[in-house]
Amino acid sequence: MAEAYIVDAVRTAGGKRGGKLAGIHPVDLGAAVYDAIADRNDFDTSKIDDVITGCVSQGGEQTMDLGRNAVLASKLPDSIPAVTIDRQCGSSQQAMMFAAQGILSGTQDMVLASGIESMTRVPMGSVATLFMKEGLGNYKSPRLEEKYPGIMFSQFMGAEMIVKKHGFTKDDLDAFALESHRRAKAATEAGHFKREIVGVQIETPEGTEMHLVDQGIRFDATLEGIAGVKILQEGGTITAASSSQICDGASAVLICSEQALKDHGLTPRARIHHVSVTAGDPVIMLEEPLFATEKALKRAGMQIGDIDAYEVNEAFAPVPLAWMKYLGADHSRLNVHGGAIALGHPLGASGTKLMATLLGVLDATGGKYGLQTMCEGGGQANVTIIERL
């Protein structure tokens, strides 16, 4: 039976909105991680069969097949095709899934899965709001309105619904947010991110420097400080401090067949053990990772206790909290090096970004199996299970 292997996974350090990566065109952010894959691995890059790139806000600088433009801007050969896909926040995790499926089918041997998102230069939601302002229509069709009357699908509202459904308090969310920052701080200071982070050259008032540290980490975070952040909605529980940070970034994962490993003398870091995607309630929306993980584990013949490390995207604190509660998961294995509350959530880039971090956690802890999952717009969720080699 064919197998799909992860050879390498890289990411840029996160840049805050208007921060250190704001001056970099998203095409060039993508080119930076593609170049890193080429530089770090000794193989004939012309043998890459395809580049699959996740991006959510496909407007302005992120249009005209962003992934292909990043290939053209990189040191990869122009002969490599690329496609850009959107499964909302899970876009680059889906890119990995498509890459693995291409290899498992026997039709491809080497695929680069990636994600790119500059949330500074192409703001979240702008591709919808700009069209609406110009009178060019709304994504919600008459038939969709008939089925979901008066509902504007909102991830924020979905997160508040999860809080109420699972019985969390604001104190629960704040404590989880603090833990994210503390874990990210500890991982940074211990050097755990060095292998996964690709330096990006940036210009600052002090001169040229390499951006190597995630800008969103609050190294001096305190519970009092987090608890003091204003609630986003009257009567709610969620604040900016218990939500993922708007972030600029790019990431990439090189996935190969066994034949490609032999042909190019490459050593795999992990084997892709299972991939799946499910969908559920589009209104509560962000709860689907709970049920997607349950189904994925069943299909893989595993239990949550078999997994040594989990990456569950911290879109909002109640999502991983509800995931842990529902599955009976061990908090000490969840987002061990911090999550999107501290490290940022560059939308379409987060899937391959989480894989780079998950591999680092497994290396640091000596774990064998890792699982990552992501809540996504429309009530969807991807799940990927890997085996570290």
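Right above here is the structure, for reference.
What counts and what doesn't
Residues numbered from 1 in each chain as written. Predicted model: local features only at pLDDT ≥ 70, side-chain atom pairs only at ≥ 80, totals over all residues. Heavy atoms only, no water. Helix = DSSP H or I, 4+ residues; strand = E, 2+ residues; numbered from the N terminus. Buried < 20%, exposed > 50% of the residue type's maximum accessible area, 1.4 Å probe, protein only. Lys, Arg positive; Asp, Glu negative; His and termini not counted. Salt bridge = Lys/Arg side-chain N within 4 Å of Asp/Glu carboxyl O. Contact = heavy atoms within 4.5 Å. Pairing = 2+ DSSP bridges. 1 Å grid on protein atoms, 1.4 Å probe; cavity = no way out; pocket = protein on both sides within 12 Å on 5 of 7 lines; lining within 4 Å. Points joined across faces, edges and corners; volume = space filled by probe spheres on them.

Any chance you could explain the side chain of aspartate 248 here in plain terms?
Looking at where aspartate 248 falls in the secondary structure, it is placed in strand E9 (residues 247-257). Of the side chains bearing the opposite charge, arginine 121 lies closest to the buried aspartate 248, which forms no salt bridge; the N-O distance is 7.7 Å. With near-sequence residues (within four places) excluded, aspartate 248 lies in contact with Ala13, Gly14, Gly15, Lys16, Leu21, Ala22, Glu117, Ser118, Met119, Thr120 and Pro346.

Even after reading the chapter, I still don't get the pairing of strand E5 (residues 110-118), so can you show me in this structure?
Along any regular strand the residues' side chains alternate between the sheet's two faces. Across the nine residues of E5, nine count as buried, placing the element largely inside the fold. Neither face of E5 is left uncovered, since the one carrying Met110, Leu112, Ser114, Ile116 and Ser118 and the one carrying Val111, Ala113, Gly115 and Glu117 both have all their residues buried. Bridge count for strand E3 (residues 50-54) against E5 is five bridges, and the pairing is parallel. Looking at E5, one finds that aspartate 50 is bridged to valine 111. Here E5 runs beside E9; their pairing, made up of nine bridges, is antiparallel. Paired with serine 118 across the bridge in E9 is aspartate 248.

What exactly am I supposed to notice about empty space enclosed by the protein here?
Over the atoms rolls a probe the size of a water molecule, and in doing so it shows where empty space is left. The final tally for this structure, using the stated rule, is one cavity of 30 Å³ or more. As a volume, the largest cavity reaches approximately 30 Å³. Residue lining of the largest cavity: Phe176, Glu179, Ser180, Arg183, Glu314, His331, Leu334 and Asn335, and that is the complete set.

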